[in-house]
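Fold and contact review
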Amino acid sequence: VSAGKKPGKLVLVKDTPPLSVRIRTERLLLRPLQTGDAGRLRSVLRRNALHLAPWQPSSVPGADTLAHAADLLVRDRALWRADRQYAFFGFLDGVDLPIVRISLSGIHRGGYQGGYLGYWVDVDYLGRGFAIESVNAMLQFAFGPLHLHRVQAAVMPRNEPSVKVLKHTGFRREGLARKYLCIAGIWEDHELFARVLEDGPL
Ligand SMILES: CC(C)(COP(=O)(O)OP(=O)(O)OC[C@H]1O[C@@H](n2cnc3c(N)ncnc32)[C@H](O)[C@@H]1OP(=O)(O)O)[C@@H](O)C(=O)NCCC(=O)NCCS
């Protein structure tokens, strides 16, 4: 069951989107990773480890190995099939490694019909609008084929680039969640932002 286009109306979702989904944005091809992408995932996580460490929950020991990348990939695909998380990577024509990761995780149906937005952009492609482009595509996916009613995002107030992305994509600040996520060993306050179906298109 999921939220339909009319606020308050619940409709049956017979088919959640398959792993073969591809989203074309102006400059990117967004797709879930496949089993053969483990090497790419390892490389992109390795090259972005320092860039991501201040903003994301710490990675586990051994996160740098091919086996770990392969496990992450299998997990992502299992969560997709279970309608719990949808993770896309953004590819630019002619560039082998993905330059964006964007996901909706923690998806719950029932009376909630929502999930959490997460994203990062490769360290060499920052400030060129790729996050905004990907978030806009993900919002269409969330409120379209996924039939979600709410997309939330949590951000540390000092993460100015991320706050800008949310403001450019029509999210509204809802409040401060104290000691919300453990980032680099510290329980950090996060601002909660959201878009809901009733907000309509941007
Ligand atoms: C947060 C993060 C994804 C933002 O990425 P980004 O590359 O700065 O985001 P974007 O480029 O899409 O948007 C930011 C700027 O690009 C500008 N922009 C938009 N389209 C553009 C285009 N086509 N060309 C150039 N710039 C463009 C926007 O105007 C915006 O700048 P402004 O707000 O100063 O006007 C990135 O800093 C990151 O990966 N951080 C680490 C992980 C992280 O913090 N994730 C979020 C956790 S909450």
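What counts and how
- Residues numbered from 1 in each chain as written.
- Predicted model: local features only at pLDDT ≥ 70, side-chain atom pairs only at ≥ 80, totals over all residues.
- Heavy atoms only, no water.
- Near = heavy atom within 4 Å.
- Polar contact = N/O pair within 3.5 Å; in protein donor to acceptor, adjacent residues only side chain to side chain.
- Areas by Shrake-Rupley, 256 points an atom, 1.4 Å probe, with all protein chains shown as cover.
- Helix = DSSP H or I, 4+ residues; strand = E, 2+ residues; numbered from the N terminus.
- Nonpolar A, V, L, I, M, F, W, Y, C, P; charged D, E, K, R; others polar.
- Phe/Tyr/Trp six-rings, centres within 6.5 Å; stacked < 30°, edge-to-face > 60°.
- Buried < 20%, exposed > 50% of the residue type's maximum accessible area, 1.4 Å probe, protein only.
- Lys NZ or Arg CZ within 6 Å of the ring centre and 35° of its normal.
- Core = buried A, V, L, I, M, F, W, Y, C linked by side-chain atoms within 4.5 Å.
- Contact = heavy atoms within 4.5 Å.

1. Some words on the site of the ligand
- Contacts to the ligand come from 22 residues, most closely from Tyr119, Gly127, Gly129, Asn159 and His168.
- Within the backbone of Gly129, a nitrogen or oxygen atom sits 2.6 Å from an oxygen atom of the ligand.
- A distance of 2.8 Å separates an oxygen atom of the ligand from a polar side-chain atom of Asn159.
- In isolation the ligand offers 950 Å² of accessible surface; the protein chains occlude 72% of this area.
- Among the secondary structure elements, those contributing two or more residues to the shell around the ligand are helix 2 (49-52), strand 7 (114-121), helix 4 (130-143), strand 8 (150-155) and helix 5 (160-168).
- Ranked by residue count, the leading element in the shell around the ligand is helix 5, at five residues.
- Tallied by class, residues from the shell around the ligand come to 13 nonpolar, six polar and three charged.

2. So, the packing of aromatic side chains
- Scanning all chains against the criterion turns up seven aromatic pairs.
- Ring centres of Trp80 and Tyr86 lie 4.8 Å apart, and the angle between their planes is 65°; on these two criteria the pair is classed as edge-to-face. Considered together, Trp80 and Tyr86 belong to a single accessibility category, that of buried residues.
- Aromatic side chains Tyr86 and Phe141 sit 5.9 Å apart centroid to centroid with 75° between the ring planes, which places their arrangement in the edge-to-face category. Note that Tyr86 is positioned in strand 5 (residues 86-92) and Phe141 in helix 4, a separation of 55 residues in sequence.
- Through pairs of rings, three or more aromatic residues link up here, namely Trp80, Tyr86, Phe88 and Phe141.
- When the ring centre of Phe130 is taken as origin, the NZ or CZ atom of Arg27, which lies over that ring, is 4.0 Å away.

3. Focus on unusual backbone geometry
- Of note, the phi angle at Gln113 is positive, near 55°, even though the residue is not glycine.
- One can find Gln113 in the loop between strand 6 (100-108) and strand 7.
- Phi at His147 takes a positive value of approximately 55°, unusual for a residue other than glycine.
- Secondary-structure assignment places His147 in the loop between helix 4 and strand 8.

4. Focus: the nonpolar core
- By size, the foremost hydrophobic cluster in this structure holds 38 residues, and its most contacted members are Phe88, Ile102, Leu104, Leu117, Phe141 and Phe171.
- For this core, the secondary-structure elements that each account for two or more residues are strand 4 (28-31), strand 5, strand 6, strand 7, helix 4, strand 8 and helix 5.
- Excluding anything up to four places from it in sequence, Phe141 contacts Pro17, Val21, Ile23, Trp80, Tyr86, Phe88 and Leu146.
- If you look at the next biggest cluster of nonpolar residues, it comprises ten residues, including Leu33, Leu73, Phe89 and Phe91.

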